Amino acid sequence: MQHEDIVVWLGNIMADSIAADSPLSAATIRKIWVVLKSVLGYAVRTKKIAHNPAVGVPLPRYTPAEHVYLTDVQVEALAEACGEYRALILFLAYTGVRWGEATAIQIKHVDLKTRRVRIAQAWASDNNKLYLEDSPKNHERRSVPIPAFLVAELLAIIADRGPEEYLFVAPRGGVLMIRNFTRRHFKVALVAADLEKLGVTLHKLRHTAASLAIASGADVKVVQTMLGHKTATLTLDTYGHLGRTVWTRSPTGSTPNAARRWRRPGRRPPRRCERLRNWPSSWRPWRLAN
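About the thresholds
- Residues numbered from 1 in each chain as written.
- Predicted model: local features only at pLDDT ≥ 70, side-chain atom pairs only at ≥ 80, totals over all residues.
- Heavy atoms only, no water.
- Phe/Tyr/Trp six-rings, centres within 6.5 Å; stacked < 30°, edge-to-face > 60°.
- Helix = DSSP H or I, 4+ residues; strand = E, 2+ residues; numbered from the N terminus.
- Buried < 20%, exposed > 50% of the residue type's maximum accessible area, 1.4 Å probe, protein only.
- Salt bridge = Lys/Arg side-chain N within 4 Å of Asp/Glu carboxyl O.
- Pairing = 2+ DSSP bridges.
- Patch = residues over 30% accessible without salt bridge, like charges linked within 9 Å, V, L, I, M, F, W, Y side chains within 5 Å.
- Areas by Shrake-Rupley, 256 points an atom, 1.4 Å probe, with all protein chains shown as cover.
- Lys, Arg positive; Asp, Glu negative; His and termini not counted.
- Charge placed at Lys NZ, Arg CZ, Asp CG, Glu CD.
- Core = buried A, V, L, I, M, F, W, Y, C linked by side-chain atoms within 4.5 Å.
- Contact = heavy atoms within 4.5 Å.
- Polar contact = N/O pair within 3.5 Å; in protein donor to acceptor, adjacent residues only side chain to side chain.

*Asks:* Hey, could you run me through the packing of aromatic side chains in this one?
*Replies:* Both the distance between ring centres and the angle between the ring planes are used here to describe each pair of aromatic rings. As enumerated under the stated definition, the model contains five aromatic pairs in all. When the ring of Tyr-85 is compared with that of Phe-181, the centres are 5.1 Å apart and the planes differ by 85°; the resulting orientation is edge-to-face. One end of the pair, Tyr-85, is in the loop between α3 (72–81) and α4 (86–95); the other, Phe-181, is in helix α7 (residues 178–192), with 96 residues separating them in the sequence. Phe-181 carries the same exposure label as Tyr-85, and that label is buried. Ring plane angle 55° and centroid distance 5.7 Å describe the contact between Trp-123 and Tyr-166, whose orientation is recorded as tilted. Linking Trp-123 in strand β3 (residues 122–126) with Tyr-166 in the loop between α6 (148–158) and α7, this pair joins segments that are 43 residues apart in sequence.

See below:
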């Protein structure tokens, strides 16, 4: 296999998808290339081939989707419109947990006394077949804080249920499927909450969770843990523009000293809504006056 063979192969994949009236995105083409490059990289390391012909292959430009940041008022309206799944929407929008992780949470993973949820597994699919992975994305289990106002919401869900049951389930008790939930509940709720034109998706609620946490004063390491990012650098690159008044970046990209979180020492951050005040105190380097 030569370098030009891979270029032609990827070009044919894109052309065939366009001809089939189902064009593949730049992100999908890049994922295909990454898999091939990894396989060939292994062949190089095991001395099956001399070099990796996938290196330097020109790829279509990838333009990340625009982030959508809902306010706490919009989140409340969306959650209310979701009816029986109100708690799920609030959970996604205030913790930043991925859909596959949230729907794989079991009752035993929830500790309402310490206001923590253990993210230890996640649902994934292969050829439309659902299976449970024994670790979340990046293979790192984590503990995510729960805002105080969510405790009562989750308590009502957990009541009289066994520790092995899943926290969020389908109406008949099965696993919540993202496609079904989006079609039957989420899109309807977006229209009811007058948010359908913003391009909000279930996954994009992670961006809202990050923005609300940053607004409450959470430092980069807390947000990194919430979202399950592999490094703090990734968190800074993705959300650094939201935390310019909170985060300062060291030359190495590491978490700044807590004393330097605010660019103007001594300046109080703006007052936030009552809901943000109820978040775990570890998220905030300061306390808001009543």
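Don't stop here, the text continues.
*Asks:* Before we go on, may I ask you to explain the pattern of salt bridges in this structure?
*Replies:* Where charged atoms of side chains with opposite charge meet at close range, the side chains can pair. In total, this model carries seven salt bridges according to the counting rule given. Here Arg-98 and Glu-101 are joined by a salt bridge, their closest N and O atoms 2.8 Å apart. Judged by relative accessible area, which is 12%, Arg-98 ranks as buried. One network of salt bridges, in which partners are shared, links Glu-76, Glu-80, Arg-86 and Glu-153.

*Asks:* Got a minute to help me understand the sheet that holds strand β1 (residues 110–111) in this structure?
*Replies:* Whether parallel or antiparallel, the strands of a sheet pair through hydrogen bonds between backbone atoms. Strand order in this open sheet of three strands is β1-β2-β5, and the pairing throughout is antiparallel. Two strands lie at the open edges of the sheet, namely β1 and β5 (142–145), each paired on one side alone. As paired elements, strand β2 (residues 116–119) and β5 share four bridges and run antiparallel to each other. Residue Arg-118 lies in a different strand from β5, and its bridge partner there is Ser-143.

*Asks:* Looking at this structure, how should I read a positive patch on the surface?
*Replies:* Taken together, the side chains of Arg-172, Arg-183, Arg-184 and Lys-187 define a basic patch exposed on the protein surface. Residue position: Arg-183 is located in helix α7.

*Asks:* What am I meant to see in the nonpolar core here?
*Replies:* Burial of nonpolar side chains together is a common tendency in soluble globular proteins. Leu-78, Phe-91, Phe-181, Phe-186 and Leu-205 are the most contacted members of the largest nonpolar core, which has 45 residues in total. Of all the secondary-structure elements, those providing two or more residues to this core are α3, α4, α5 (99–102), β2, α6, α7 and α8 (205–215). Residue contributions to this core peak at eight residues, all from α4. In this structure, Phe-181 is in contact with Cys-82, Tyr-85, Leu-88, Ile-89, Trp-99, Leu-176, Phe-186 and Leu-202, ignoring residues within four places of it in sequence. Listed in part, the ten residues of the second largest apolar core include Ala-210, Ala-213, Val-223 and Met-226.

*Asks:* Can you help me understand the side chain of Thr-95 in this one?
*Replies:* Inspection of the secondary structure puts Thr-95 in helix α4. Within the structure, Thr-95 has its side chain in polar contact with the backbone oxygen of Phe-91 (distance 2.5 Å). Apart from the residues within four sequence positions on either side, Thr-95 is in contact with Val-144, Pro-145, Pro-147, Ala-209 and Met-226.

*Asks:* Just checking my understanding: could you explain the pairing of β2 for this structure?
*Replies:* Of the two faces of β2, only the one carrying Val-117 and Ile-119 is buried; Arg-116 and Arg-118 on the other face are not. Of the strand pairs in this sheet, β1 and β2 are connected by two bridges, and their pairing is antiparallel. Counterpart to Asp-111 in the pairing with β2 is Arg-116. Here β1 hands over to β2 after four residues, with Arg-115 in that stretch at a positive phi of 55°.

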